[in-house]
4 protein chains.
Amino acid sequence: MAQTLSPTPLTTDPFDDDKLREECGIFGVTGVADAANFVALGLHALQHRGQEAGGIVTYDPEQGFNSARRFGLVRDNFTNQSIMDTLPGALGIGHVRYSTTGSKGNTQIRDVQPFFGEFSMGGAAIAHNGNITNADSLRRELIERGSIFQSSSDSECIIHLMARSLQTSIPERMKDALRRVEGAFSVIAMTRTKLIGVRDPLGVRPLVLGRLGEDGWALASETCALDIIGAQFVREVEPGEMVVIEHDKVASHRPFEAKRPRFCIFEHVYFSRPDSTLGGRSVYETRSAIGRELAIEAPVEADLVCPVPDSGTPAAIGYSLESGIPYAMGIIRNQYMGRTFIEPTEHIRNMGVRLKLNVNRALIRGKRVILVDDSVVRGTTSRKIKEMILDAGAAEVHFRIASPPTAWPCFYGVDTPQREKLLAATMSEEEMREHLGVDSLRFISLDGLYRAVGEAKGRDADSPQYCDACFSGEYPVAPKDQIDKGFTLKAAE
Amino acid sequence: MAQTLSPTPLTTDPFDDDKLREECGIFGVTGVADAANFVALGLHALQHRGQEAGGIVTYDPEQGFNSARRFGLVRDNFTNQSIMDTLPGALGIGHVRYSTTGSKGNTQIRDVQPFFGEFSMGGAAIAHNGNITNADSLRRELIERGSIFQSSSDSECIIHLMARSLQTSIPERMKDALRRVEGAFSVIAMTRTKLIGVRDPLGVRPLVLGRLGEDGWALASETCALDIIGAQFVREVEPGEMVVIEHDKVASHRPFEAKRPRFCIFEHVYFSRPDSTLGGRSVYETRSAIGRELAIEAPVEADLVCPVPDSGTPAAIGYSLESGIPYAMGIIRNQYMGRTFIEPTEHIRNMGVRLKLNVNRALIRGKRVILVDDSVVRGTTSRKIKEMILDAGAAEVHFRIASPPTAWPCFYGVDTPQREKLLAATMSEEEMREHLGVDSLRFISLDGLYRAVGEAKGRDADSPQYCDACFSGEYPVAPKDQIDKGFTLKAAE
Amino acid sequence: MAQTLSPTPLTTDPFDDDKLREECGIFGVTGVADAANFVALGLHALQHRGQEAGGIVTYDPEQGFNSARRFGLVRDNFTNQSIMDTLPGALGIGHVRYSTTGSKGNTQIRDVQPFFGEFSMGGAAIAHNGNITNADSLRRELIERGSIFQSSSDSECIIHLMARSLQTSIPERMKDALRRVEGAFSVIAMTRTKLIGVRDPLGVRPLVLGRLGEDGWALASETCALDIIGAQFVREVEPGEMVVIEHDKVASHRPFEAKRPRFCIFEHVYFSRPDSTLGGRSVYETRSAIGRELAIEAPVEADLVCPVPDSGTPAAIGYSLESGIPYAMGIIRNQYMGRTFIEPTEHIRNMGVRLKLNVNRALIRGKRVILVDDSVVRGTTSRKIKEMILDAGAAEVHFRIASPPTAWPCFYGVDTPQREKLLAATMSEEEMREHLGVDSLRFISLDGLYRAVGEAKGRDADSPQYCDACFSGEYPVAPKDQIDKGFTLKAAE
Amino acid sequence: MAQTLSPTPLTTDPFDDDKLREECGIFGVTGVADAANFVALGLHALQHRGQEAGGIVTYDPEQGFNSARRFGLVRDNFTNQSIMDTLPGALGIGHVRYSTTGSKGNTQIRDVQPFFGEFSMGGAAIAHNGNITNADSLRRELIERGSIFQSSSDSECIIHLMARSLQTSIPERMKDALRRVEGAFSVIAMTRTKLIGVRDPLGVRPLVLGRLGEDGWALASETCALDIIGAQFVREVEPGEMVVIEHDKVASHRPFEAKRPRFCIFEHVYFSRPDSTLGGRSVYETRSAIGRELAIEAPVEADLVCPVPDSGTPAAIGYSLESGIPYAMGIIRNQYMGRTFIEPTEHIRNMGVRLKLNVNRALIRGKRVILVDDSVVRGTTSRKIKEMILDAGAAEVHFRIASPPTAWPCFYGVDTPQREKLLAATMSEEEMREHLGVDSLRFISLDGLYRAVGEAKGRDADSPQYCDACFSGEYPVAPKDQIDKGFTLKAAE
């Protein structure tokens, strides 16, 4: 049931279609005078994880639970005094979203988290980053039992499971619910008095804990959201851990059976912000290390190393440092990009690209150029960029990609095209090179990537240290709903 | 939990506070190419029954269920092509609302009907006019069982009761649900193929059935909504009846134990539009008959009979016809009234009244004036009007009220002040006359009102033909939730 | 040059197209703490004179001149605190507009008055009700001399003429400018210290003066705008008079050669609000008197006298009083009319009419009905109403029109169709009766109308007391621009 | 006179206050089917030159001149089909603006260019980049003569001067007008058939000519606006030149007395986009050369060269290349910055900075960091950045500035603070270093800057090749209005 209440979401420009997209960022804070303003800032810092919509729920003993959910950027909604005034209280959580797998772009405002449920022992709100791989069967079961779903979001299953739990406290009901859920999830929840954070047993999606002044605590998808509010990074919530924060105390629970963690390696490659830290290390440095590794694995003689802005920048700097080939901004990004312009009727080739990117023609002319990008998904952008660079008179174009070929879709909270749309799913590296029409094309190896993220010995093939399903096709949790819909696992091919 | 998504509802002007307010209008249509446009027109004709917000749900085999819910008037929302385009299908229902008892004016868009639920046998939407007198205990019970409420509306109970029914078809689940519900209700519902209408066993709120061309059927709160779309009035849905319309056939069910009907007599006095028919008779004529009866019961020598516009007009015409005293427009209503103006800092007495009403000074000067109004609730408006008339130089002011004293709140879907705010709850007729400061004040008698609506012998005190609780304090259904909150019945006073 | 800044103006409904439309209402106030709030109320009371757009200019010694101009109703714009806060000061004027002759419905915000000009001796703002009949040649002349017009409005000529005057004070410049202007005008203007009102020598359009408390003065198109702010009516500004109000003193000037006044008789028939007074008499009473006169001139046997709401109401009451035939509301007007609905695809005859009006079927059936309307312009509405009444089963339909046949366009500030679209320009009364398909059709005579407005001897054919060009084709000021464009005067036919 | 029609302009964030701001970008195109779409793209590419508002005027033989002017970004307004549909025609010009000197931030929509005037020989629209230094006296003179100004913009003088010219063609009137104007200006104008470009005799502001397909021509502030629409760069319009483009022919006129050009050197430093070319050279390369020159002039031992993003990036890359010190992104810019957030009540130091920038803490810790910025205006940003870097644990902080000290305001179309707010106006370099609290601070020398922009022998002190008044205090055109208001020239200090 589609509602028409919502303003049209931002048109995504063609470039953005050619990236994998993290689907959510989550944030929560307790023990401050005005939680909503902190949550707004935290979500703003996490905006790269979801630009379509955002929501905030707060609790105040006098005003009860309040929420505001909006399409559009955090800065355009949660800077508005009249909105923020409706969100009083010392405890709050928030969510930014991109879109859910299969939502076909027509998200409704009722699909925007956090979700709220009133139970006999009081209300609770939850914000979920990840994807539930058995959501379809859970939803069928819940409907059979008389639950009424309000959204098309898989995450709503969690709140209905909690509503039906036989447990008598909300944290216990939440454990009950999450034990029925399969897939990848980091969840931030709140009751009238508690701020709760949980990661799935594999710890696929990130979640960190921070201290804010003397009385406050914060939970966030990334450390950059702690930085923006001046919170101190304390530690990552551990895979399989539930932290329950109340009255300035943090209690740690282990509701799930222990497993070897499989953190998403693509957070290092692209999703996380370069100024966040993962595993104690700056994401910027890791990406620079990927560039260095790539320069060692795939050297080439050239005059310039240029990033595909902005995501290729740290790897390009690393490649330049390792190779000694000068770093330069061969491609300039228009910082005002946004909604799609009406294309003039006289057709202009590559208009889409020019709107967002422009080549530094005087710089590129006659040069052998190494272009460093973070990943190749459909390959559409790479082709356009190659043409721009050649049009500008480059002598040679060499692509270096800071991740292995993306050959498998992600089912753990990342928006990926269907498998047949992934260039690497249907072509070899040489076929891709020919398809893109470049002088050379090289991806970092999977082992090289593991080394760059700090695994000196590379990937442990028997028991990989990360979730790298998008590269390897090895899914740590069976994508049950997808298999029901006909998805073929690698083993079955 | 308050959401901030909604634009601020229209400020009600001070006059409107001094009326009882019907809380809802409902409409449904099937068997037409574009149900939504018909529903929009039907709701527009019912706008007087609820001006705060409106919603439409339609079903189309390809597009499924779609809904749009908006604050504001039907004409301001459902005339927009881009909204109407989202509502395809041959089957649709809609709802306009004023506000629910106890909502304290901060309605959220999620409180706006129709409500929708997805069951294992398919979806259903319902629109409810009335009030459930045991809603609080039903809600508590449903939450205990794991239902998650999305709104603060009592009507949502019905859809949750349906979700939990053991029956296997939606009409049967609806019967199950409505048998648990106490109070007054007319409901229009829809499934993927059926349009359903139900009235409670007493038939307190109205509901009529119409024929639209050869294949179409319509259900509506009043006949004026059939007129606007050119539908033929067929009959009233009977008290306690459920009609199920499918494939151009109307099936009639009787899910409830039979009772003597008690239709709301205030629909005749004020709620229904004067061009609707009730019981085969024009509401305009009934009101004119009330005026005639009033002229017989409470004659007075005077120069002019003037209505308090617009609701007092038909009774004033009747009074004039019976008494022979000329009818005149002594008070002119500004047809552009709406949001509240900022009052100039130099205080002007009665500004509120002048904004909406102005006296025809030249006409009134020196005259003995009979003012005919439909009802007196708080009495605030009556006092202001009396002052305006005296300021204009009237020699005498006589109030004649086309209903008995309103001394009791309504709990069946009408917005009434608390009992102590009702002028007639605390004063005798003479005390009211003194309070208003008029030369005479007379209300029609309860028997007179019954005669005017067609009961030649007046009210049957043992078994009244109508619900007249607002006048008599005799509630045909015990207001259970209200009693729990401390309301004292007449018998217990 | 069309600007796209403006929201789409309200769609006019089909009925309104069949009325002559007053094009403007004007209001000004001085000597109050917060002029803007008073102006907003005054314009609200004058909303019937122009619903398309409105503007307010105020002057404050510290903040200078400020203005706000908006499309839409006064109540929707000038009730907004954030707008009103931008309009400080004790002196202010305002304007509501319908549309200017020839604007073709695409009014721009820069066409919305008041207009403002900065001169070497300070700024001035003007608001104009009327039409300049030599505007085209004035505009050409001014452009030749180097003036740059910002709007398509004829009224802008006045401010450019003022800018070029050799006089050294603003009132003198205004006299200079208005002596060059031909046509009909009532103007309210303001400088930093003065509030100014002027009427053209014939006094075609109305303008009244009121006293507000001890220090304040107000100027307004009609007395109803004095009533709303509690101001006392002092007198009408006289034809050919300029009043200059400063420091609580009113000075009267006579800048023009004296002429016999020719006030617009249609203000009595339709334009003015029934609660305004004109020439010391309530407009309501005058209209009631027209109805009485009509009953004498054109009696008919019938069962009911029904007004075409709302403008036919006072004349219908008068007709009923004189004839003794009972008055009744046979047609009910939907008070929520507004933007145009999307018509359902299954065509329904007369949908346009049903949206705004509905027949009281039960009342009308089998009756001989007299319908009283204020005027017949194109006749489209009259035909539809006749059909509605016959569909409802009326035995006979008799139209009685409270004005003579409208056979000529107005060029003095009223929006009229081209002559060939006026039903009375091409048909005799009997042809019109046949065209409308009614049992009888009668217009009041021109003499009868003059009698009803108080001229006991009727119209002075040699020197008519009113401007009645729309009925008689006798234009008191030659419509110069129109003649240049090919309009043929009666004398030349 | 302030109008309230306009939405609130975007709040500028604190960082932007600490930059000089180019005030306008202009663009025009002719000989294409749909000029407006091209103009929208061109303005989008020039958005960095003015973010507050934008306007487009087009001409179509059937529809005449049309315009749309809006607050906000080009992408948010001129991507809207319903707006673009109102702008038909093959000829169009556009303007983006920041704010005019002295406008105090309350720009009105009527201040937004292009300006339009209707003359006896037809209409013309103009878009102006620059500032008229004798605007106050021109405005006084024009008002004396009877011109009515509609805006507070100096640029409106040009259109009034044109209206009063005795010449008979628009280009000749424009020459007449511009000969009365002093200061810096690049102007793009249009008539019904001509596209016109003019630069002042010194050529202070840029203007370039491009070819679009076979029949089209474009004029733009910068070459990046040609790139975006696929136009070929032809040449710069020369200082003192007027180009008149009609029927695919470009005629060149020289209306002014010849002078030695003085192009704005700050266009190289900051205003122009790095992918534009100026004088045949990429702006990126020039900025990189400034960085190299700075590394030679002001070397320092350090571990990292970091840009202050984004404007310091090319100079930082140049500094790194020349010095051999590794380049790194020590500061990350949040790409979603926009409106100002509500600061949490618990005060957090440097919140403003953290919203836009975040330090790569893990990278910076313990390092000696060279920060390269383009300029220091008030110094407020530099202090905050220094604190962020030290908080992150940097061992040393060295500032290197890619321009000389900014000690004088610009009066030629750039928004600069008053002189006393410029850090370099009141402090020596050492005092600034101390004020900023950094280990070292060095600006490039004026000669070094001239060398970097291609003047091998540096600045010609007798007759400087560029306008460098912001550094040198030597104003090539006397700022007449400013001197009248009390500004003291360097010679007079």
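These numbers come from a predicted model, not from an experiment.

## Describing the sheet that holds strand β10 (residues 195–199) of chain B
Residues and elements named next belong to chain B.
Step number 1: Reading across the sheet, the 6 strands line up as β7-β8-β9-β10-β14-β15 and stay open at both edges, with antiparallel pairing between neighbours. With one partner strand each, in any of the chains shown, β7 (115–119) and β15 (249–253) form the two edges of the open sheet. Recorded for the sheet is a direction-independent mean angle of 20° between the axes of neighbouring strands.

## As for the relation of the copies chain B and chain C
Step number 1: For these two chains of identical sequence, chain B goes onto chain C by a turn of 180° and a shift of 0.0 Å along the axis, with RMSD 0.0 Å. Expressed as an axis order, the relation between the two copies is that of a two-fold axis. Among all residues of chain B, the one whose C-alpha sits closest to the rotation axis is Q335(B), at a distance of 4.0 Å.
Step number 2: Taken together, the interface assignments show that 100% of the residues at the interface of chain B recur at the interface of chain C, consistent with an identical surface on both copies.

## Describing the UniProt feature "active site" (unreviewed entry) in chain A
All names here are of chain A.
Step number 1: Sites flagged by UniProt as "active site" (unreviewed entry) map to C24.
Step number 2: By the secondary structure assignment, C24 is in strand β3 (residues 24–30).
Step number 3: On the basis of relative accessible area, C24 is assigned to the buried category, the value being 8%.
Step number 4: Not counting chain neighbours up to four residues away, the residues in contact with C24 comprise R49, H95, V96, R97, H128 and N129.

## What about the interface of chain D and chain A?
Step number 1: With 64 residues of chain D at the interface, the matching set in chain A holds 64 residues.
Step number 2: Taken together, both faces of the contact between chain D and chain A bury some 5500 Å²; the carbon and sulfur share is 61%.
Step number 3: Contact with chain A buries area across many residues of chain D, yet Y336(D), F341(D) and I342(D) alone supply 15% of it, more than any other trio.
Step number 4: Connecting chain D to chain A are 0 salt bridges.
Step number 5: Viewed at the interface, chain A and chain D are joined by 10 residue pairs in polar contact (both at pLDDT 80 or more).
Step number 6: Looking at the side of chain D that touches chain A element by element, the count peaks at 6 residues for helix α1 (residues 35–45) of chain D.
Step number 7: Of the residues assigned to the side of chain D that touches chain A, the class counts are 33 nonpolar, 18 polar and 13 charged.

## Describing the interface of chain B and chain C
Step number 1: Listed as interface residues are 64 residues of chain B and, on the opposing side, 64 residues of chain C.
Step number 2: Each partner contributes to the roughly 5600 Å² buried at the junction of chain B and chain C, and carbon and sulfur atoms together form 61% of this total.
Step number 3: The three residues of chain B that bury the most area against chain C are Y336(B), F341(B) and I342(B), which together make up 15% of that side's buried surface.
Step number 4: At the junction of chain B with chain C, the criterion picks out 0 salt bridges.
Step number 5: Linking chain B to chain C there are 10 residue pairs in polar contact (both at pLDDT 80 or more).
Step number 6: Its residues placed into classes, the side of chain B that touches chain C shows 33 nonpolar, 18 polar and 13 charged.

## As for the relation of the copies chain D and chain A
Step number 1: Screw-axis analysis of chain D against chain A gives a translation of 0.0 Å along the axis, an RMSD of 0.1 Å, and a rotation angle of 180°.
Step number 2: Residue by residue, 100% of the interface of chain D is reproduced at the interface of chain A, so both copies engage with the same surface.

## Digging into the packing of aromatic side chains
Residues and elements named next belong to chain A.
Step number 1: Under the criterion given, the structure shown has 62 aromatic pairs over all chains.
Step number 2: Taking 5.9 Å as the distance between ring centres and 90° as the angle between the ring planes, the aromatic pair formed by Y475 and F487 counts as edge-to-face. Of this pair, Y475 sits in the loop between α17 (469–472) and α18 (480–484) while F487 sits in the segment after α18; the two residues are 12 residues apart in sequence, bridging distant segments of the chain.
Step number 3: F487 sits in the buried class, given a relative accessible area of 17%.

## Some words on the nonpolar core
One broad rule of soluble globular proteins: the nonpolar side chains tend to lie buried together.
Step number 1: If you look at the biggest cluster of nonpolar residues, it comprises 160 residues, and the most contacted ones within it are F266(B), L371(B), I389(B), F266(C), I364(C), L371(C) and I389(C).
Step number 2: Setting aside its immediate chain neighbours within four residues, L371(C) contacts C306(C), V308(C), I331(C), I385(C), I389(C), V397(C), H398(C), F399(C) and R400(C).
Step number 3: The next biggest cluster of nonpolar side chains, apart from the first, holds 158 residues, and it includes V283(A), I385(A), F411(A) and I325(D).

## What about the pattern of salt bridges?
Step number 1: Counted under the stated rule, the structure contains 108 salt bridges over all chains.
Step number 2: A salt bridge links R292(B) to E322(B), with the nearest nitrogen and oxygen atoms 3.4 Å apart. Taken together, the residues span a long stretch of sequence, with R292(B) in helix α9 (residues 283–297) and E322(B) in helix α10 (residues 313–323) at a distance of 30 residues.
Step number 3: Look at R292(B) and you get partly exposed, because its relative accessible area is 35%.
Step number 4: A residue is classified by how much of its surface remains accessible, and E322(B), at 35% relative accessible area, is partly exposed.
Step number 5: Of the charged contacts, one joins R49(C) and E222(C) as a salt bridge, the two residues approaching to 2.7 Å between their closest N and O atoms. Taken together, the residues span a long stretch of sequence, with R49(C) in the loop between α1 (35–45) and β4 (53–60) and E222(C) in the loop between β12 (216–220) and α7 (224–228) at a distance of 173 residues.

## Some points on unusual backbone geometry
Step number 1: The linkage connecting Q113(B) with the following residue, P114(B), adopts the cis geometry, with an omega of 0°.
Step number 2: As for its position among the elements, P114(B) is in the loop between β6 (91–97) and β7.
Step number 3: Omega for the peptide link from P309(B) to D310(B) comes to -10°, which places this bond in the cis form.
Step number 4: Residues other than glycine seldom take positive phi values, yet D248(A) does so here, at roughly 70°.

## Comments concerning the confidence of the model for chain A
All names here are of chain A.
Step number 1: Here chain A averages 90 in pLDDT, and 92% of its residues register 70 or above.
Step number 2: Contacts of residues 1–15 to residues separated by more than four positions or lying in other chains number 46 contacts, the stretch itself having pLDDT below 50.
Step number 3: The complex prediction reports pTM at 0.85, with the ipTM value standing at 0.86.

## Describing the pairing of strand β11 (residues 208–212) of chain C
Regular strands place side chains that alternate from one sheet face to the opposite one.
Residues and elements named next belong to chain C.
Step number 1: Among the 5 residues in β11, 4 count as buried, and that is most of the element.
Step number 2: As judged from the 4 bridges shared by β11 and strand β13 (residues 232–236), these two strands associate in the antiparallel manner. Residue pairing across strands places G210 opposite F233, the latter belonging to β13.

## Description of the arrangement of the chains
Step number 1: Structurally, chain A and chain C remain out of contact, their C-alpha atoms never closer than 13 Å.
Step number 2: Over all C-alpha pairs, chain B and chain D never come within contact, reaching a minimum spacing of 13 Å.

## Some points on the side chain of N358(B)
Step number 1: For N358(B), the location among the structural elements is in strand β21 (residues 357–359).
Step number 2: Side-chain polar atoms of N358(B) contact the side chain of D275(C), separated by 2.6 Å.
Step number 3: Sequence-distant contacts of N358(B), defined by excluding residues within four places in its chain, comprise G330(B), I331(B), I332(B), M388(B), C224(C), D227(C), R273(C) and D275(C).

## Some points on helix α10 (residues 313–323) of chain A
Residues and elements named next belong to chain A.
Step number 1: Here α10 lies mainly inside the structure; 8 of its 11 residues are buried.
Step number 2: Considered for burial, the residues of α10 that qualify are T313, P314, A315, A316, I317, G318, Y319 and S320.
Step number 3: Residues of α10 that are buried in the fold lie against α9 (283–297), β19 (304–307), β22 (368–373) and β23 (396–401).
Step number 4: Of the residues trailing α10, G324 is marked for its positive phi of about 80°.

Here is what the cut-offs are and how they apply
Residues numbered from 1 in each chain as written. Chains lettered and ligands numbered in written order. Predicted model: local features only at pLDDT ≥ 70, side-chain atom pairs only at ≥ 80, totals over all residues. Heavy atoms only, no water. Pairing = 2+ DSSP bridges. Helix = DSSP H or I, 4+ residues; strand = E, 2+ residues; numbered from the N terminus. Axes fitted to C-alpha atoms, helices over the stretch in contact; angles between N-to-C directions. Least-squares fit on C-alpha atoms with pLDDT ≥ 70 in both. Contact = heavy atoms within 4.5 Å. UniProt positions renumbered as here; feature names shortened; annotations may be inferred. Buried < 20%, exposed > 50% of the residue type's maximum accessible area, 1.4 Å probe, protein only. Buried area = accessible area lost by both parts, 1.4 Å probe. Salt bridge = Lys/Arg side-chain N within 4 Å of Asp/Glu carboxyl O. Polar contact = N/O pair within 3.5 Å; in protein donor to acceptor, adjacent residues only side chain to side chain. Nonpolar A, V, L, I, M, F, W, Y, C, P; charged D, E, K, R; others polar. Phe/Tyr/Trp six-rings, centres within 6.5 Å; stacked < 30°, edge-to-face > 60°. Core = buried A, V, L, I, M, F, W, Y, C linked by side-chain atoms within 4.5 Å. pLDDT = per-residue confidence, 0-100.

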